[in-house]
Amino acid sequence: MRRKRRTGPSMVRAISCPDSDWERVRKRADAADMSMSQYVVSKALSVELTVGADDRPRLPPRLVLTEEEQTQIRDRVAAIVERMANAEDLTDLGKLRKRVGFILRATMLDMARNGRTRELTLILVDLFGPEEGERIAEKFVARSLRDGLLD
C-alpha cells in the first residue's frame, strides 16, 4: 500500500552520505514509524538555531573542545606525567605524598598504641585484601616495636 502524498508543491532533494550512515538513518526512521524523507526533514527542522547580531541563523555553540583546547590539555597531562615519573624531583605531588604518608603513619601508630591493632588490621584488609592487609599491619607493628615507638 502506498503512502498518501501531501497536497501542494514539493521538490525532490538529494542527500549524500556513506552507506553506513544511510543505514543508521533507515533504522531510526523505521523505529520512529516514519519514511526516511519524513525522518530526515523532522530531524533537520528540530535543530534549534539562534540568530546572530546580523540576523543570520547560527547553530548553538559546540559542546566539544576545540583542537587548541585539546592540545593544551594533552600538554598539561604530559607535564604532570613527566613530573610523576621523575622520582628525584620533589614536586607538589611528591610533597603531598609525604604529608599524607606522615598522617597515615601517625594515625596507624595512634591506633596501635591505643590497643586498636585489630581494627587497624581490618581496615587494611578492607583496603588491600586479606593477605596484603595483614602483611602491612604485621610489618608496621614489628617496625614500630623495633624503633621503640610501641611498648
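What counts as what
Residues numbered from 1 in each chain as written. Predicted model: local features only at pLDDT ≥ 70, side-chain atom pairs only at ≥ 80, totals over all residues. Heavy atoms only, no water. Axes fitted to C-alpha atoms, helices over the stretch in contact; angles between N-to-C directions. Helix = DSSP H or I, 4+ residues; strand = E, 2+ residues; numbered from the N terminus. Parallel < 35°, antiparallel > 145°, perpendicular 65-115°, else oblique. Left-handed = near helix turned anticlockwise from the far one by under 90°. Contact = heavy atoms within 4.5 Å. Nonpolar A, V, L, I, M, F, W, Y, C, P; charged D, E, K, R; others polar. Expected span 1.5 Å × (residues − 1). Buried < 20%, exposed > 50% of the residue type's maximum accessible area, 1.4 Å probe, protein only. Arc of directions from axis to C-beta. Core = buried A, V, L, I, M, F, W, Y, C linked by side-chain atoms within 4.5 Å.

**Q** Any chance you could break down the packing of helix H5 (residues 117–128) against helix H6 (residues 130–146) for me, citing the residues and the numbers?
**A** Running from N to C, H5 and H6 cross one another at 140 degrees; their axes reach a closest spacing of 7 Å. Classified by the interaxial angle, the pair formed by H5 and H6 is oblique. You can see that H5 and H6 cross each other, and the crossing is right-handed. Side by side, H5 and H6 meet where Thr-117, Leu-120, Thr-121, Leu-124, Val-125 and Phe-128 of the first sit next to Pro-130, Glu-132, Gly-133, Glu-134, Ile-136, Ala-137, Phe-140 and Val-141 of the second. Grouping the constituent residues of the contact of H5 with H6 by class yields nine nonpolar, three polar and two charged.

**Q** How would you sum up helix H4 (residues 92–113)? Please name residues and give values.
**A** Spanning 22 residues, H4 covers 31 Å between terminal C-alpha atoms, matching the ideal 32 Å at 1.5 Å per step. Every buried residue of H4 is accounted for by Gly-94, Gly-101, Met-108, Leu-109, Met-111 and Ala-112. Looking straight down H4, one finds its buried side chains confined to an arc of 155 degrees; they lie on one side. Looking at H4, the residues exposed on the side facing more than 90 degrees away from the buried face are Asp-92, Arg-99, Phe-102, Ile-103 and Arg-113. One or two residues past the end of H4 sits Gly-115, with phi positive at roughly 70 degrees.

**Q** Please provide a residue-by-residue account of the packing of H4 against H5, values included.
**A** The N-to-C vectors of H4 and H5 enclose an angle of 140 degrees; their axes lie 7 Å apart at closest approach. Here H5 runs oblique to H4, going by the angle between their axes. Across the interface between the two elements, Met-108, Met-111 and Ala-112 of H4 pack against Thr-117, Glu-119, Leu-120, Ile-123 and Leu-124 of H5. Residues belonging to the contact of H4 with H5 are distributed by class as follows: six nonpolar, one polar and one charged.

**Q** Let's hear about the nonpolar core: which residues, and what values?
**A** Most often, soluble globular proteins have nonpolar side chains that are buried together. The biggest cluster of nonpolar side chains holds 10 residues, and these are Met-108, Leu-109, Met-111, Ala-112, Leu-120, Leu-124, Ala-137, Phe-140, Val-141 and Leu-150. At the level of elements, H4, H5 and H6 are the ones that each hand at least two residues to this core. At four residues, the largest contribution of residues to this core is made by H4. In contact with Ala-112, not counting residues within four places along its chain, are Thr-117 and Leu-150.

Note that every value here comes from positions in space, so none of it alone points to a role or purpose.
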